[in-house]
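Summary of structural features
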Amino acid sequence: LFWALPLVHNSVTPWWRLLHNSVGFKAKLHRWNSTFCPSPLCPMCLEDPEDAYHFVVGCWARSRYWKDVTAHIGLSNLVVTDLDVWSVLMTFSTSAGDVLSHDQLSLIGAAFATLWRYYWACFYDNTTWSSTAALNMFISTYRHLLSSFYTEFNSDVLLINP
């Protein structure tokens, strides 16, 4: 199913790496080289070790981002919980078993690509995470994809001026 999705180019590699557990989360980097990565804690919340789930949605900062994204694209009634987001990214369906359309999965992939890019920008620039800034990055980067999605599904969701 992954290869059949109409994914935007820059969402393929991060999502593929997530599916194959080949992302350098802080907990993994700390295990590999504690000199390079002295702490396994999430750099955003500094509360929990950053594993795959925490990297994607387990941290309150990324959880807020996903709530904003799903509300913006009109999926908050289908993708309700953090576990739903995780399930969609890992199995292409919600934790309740609801299957998303290819176009909906494409938007989720674009949202994950934005999370990926914004997270690493914050990490390397040593800047604070902002869910609003991440959402605005998603909206501005994928304006064309969002526009075609809204047109196709006759959604009442409007673009927010970033």
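Described below are features of the structure shown in this document. Residue positions within a chain follow its written sequence, with the count starting from 1. A pLDDT threshold of at least 70 governs which residues receive local features in this predicted model, and a stricter bar of 80 or more applies before side-chain atom pairs are shown or counted, although totals over entire chains, interfaces and linings include all residues. Side-chain measures here rest on the full set of heavy atoms in the structure, leaving out hydrogens and waters.

With that settled, consider the side chain of Gln 104. Helix and strand definitions follow DSSP, with helices as H or I runs of at least four residues and strands as E runs of at least two, each counted in order from the N terminus. Mapped onto the fold, Gln 104 is located in helix H6 (residues 102–125). Every residue pair with non-hydrogen atoms within 4.5 Å of one another is taken to be in contact. In contact with Gln 104, not counting residues within four places along its chain, are Leu 75 and Phe 149.

Turning our eyes to something else, we now look at the environment of Asp 103. Mapped onto the secondary structure, Asp 103 falls in helix H6. Residue exposure (1.4 Å probe, protein chains only): buried if accessible area is under 20% of the type maximum, exposed if over 50%, otherwise partly exposed. Judged by its relative accessible area of 27%, Asp 103 falls in the partly exposed class. Between the C-alpha atoms of Asp 103 and Ser 148, which are 45 residues apart in sequence, the distance is 9.7 Å.

Right, let's get into helix H1 (residues 9–19). When H1 is considered as a whole, its buried residues turn out to be Ser 11, Pro 14, Trp 15 and Leu 18. Mapping the buried residues of H1 onto a view down its axis gives an arc of 95 degrees, with all of them on the same face. As for H1, its buried residues are in contact with helix H3 (52–58), helix H5 (82–91) and H6. Positive backbone phi, at 50 degrees, marks Asn 21, one or two positions downstream of H1. The arc in question is traced by the directions running from the helix axis to the C-beta atoms.

Here we take up H5. For H5, every residue scored as buried is listed here: Asp 84, Val 85, Trp 86, Ser 87, Val 88 and Leu 89. On its buried face, H5 sits against H1, H3, helix H4 (60–72) and H6. Count one or two residues on from H5 and you reach Phe 92, which has phi positive near 70 degrees.

Pairing of aromatic side chains requires ring centres within 6.5 Å, counting the rings of Phe and Tyr and the six-membered ring of Trp. Pairs whose planes differ by under 30 degrees are stacked, by over 60 edge-to-face, and all others tilted. Scanning the model with the defined rule gives 21 aromatic pairs in all. Residues Phe 2 and Trp 15 carry aromatic rings whose centres are separated by 5.7 Å and whose planes lie at 85 degrees to one another, so their mutual orientation is edge-to-face. Taken as a pair, Phe 2 in the segment before H1 and Trp 15 in helix H1 lie far apart in primary sequence, 13 residues in all. The exposure class assigned to Phe 2 is buried, which follows from its relative accessible area of 7%.

Our focus in this paragraph is the environment of Ala 27. Along the chain, Ala 27 turns up in helix H2 (residues 26–32). Residue class for Ala 27 comes out buried when judged on its relative accessible area of 14%. Sequence-wise, Ala 27 and Pro 40 are 13 residues apart; in three dimensions their C-alpha atoms are separated by 4.1 Å. Setting aside anything within four residues of it in sequence, one finds Ala 27 in contact with Pro 40, Pro 49 and Glu 50.

What follows concerns the state of the cysteines. Two cysteine sulfurs form a disulfide in these notes if their separation is within 2.5 Å. Enumeration according to the criterion identifies zero disulfides in this entry. Lacking any disulfide linkage, Cys 42 is separated from the closest cysteine sulfur, that of Cys 59, by 3.8 Å. Classification of Cys 59 by relative accessible area gives buried; the value is 0%.

With respect to the helices and strands, Arg 62 occurs in helix H4. Polar contacts involving the side chain of Arg 62 include one to the side chain of Glu 50, which spans 3.4 Å. With residues up to four places along the chain from it excluded, the contact list for Arg 62 reads Cys 42, Met 44, Glu 50, His 54, Phe 55, Val 56, Val 57, Leu 115, Tyr 119 and Trp 129. Within 3.5 Å is the distance limit for a polar contact, defined as a pair of N or O atoms, with the added protein rule that one can donate a hydrogen and the other accept it, and that residues adjacent in sequence qualify only through two side-chain atoms.

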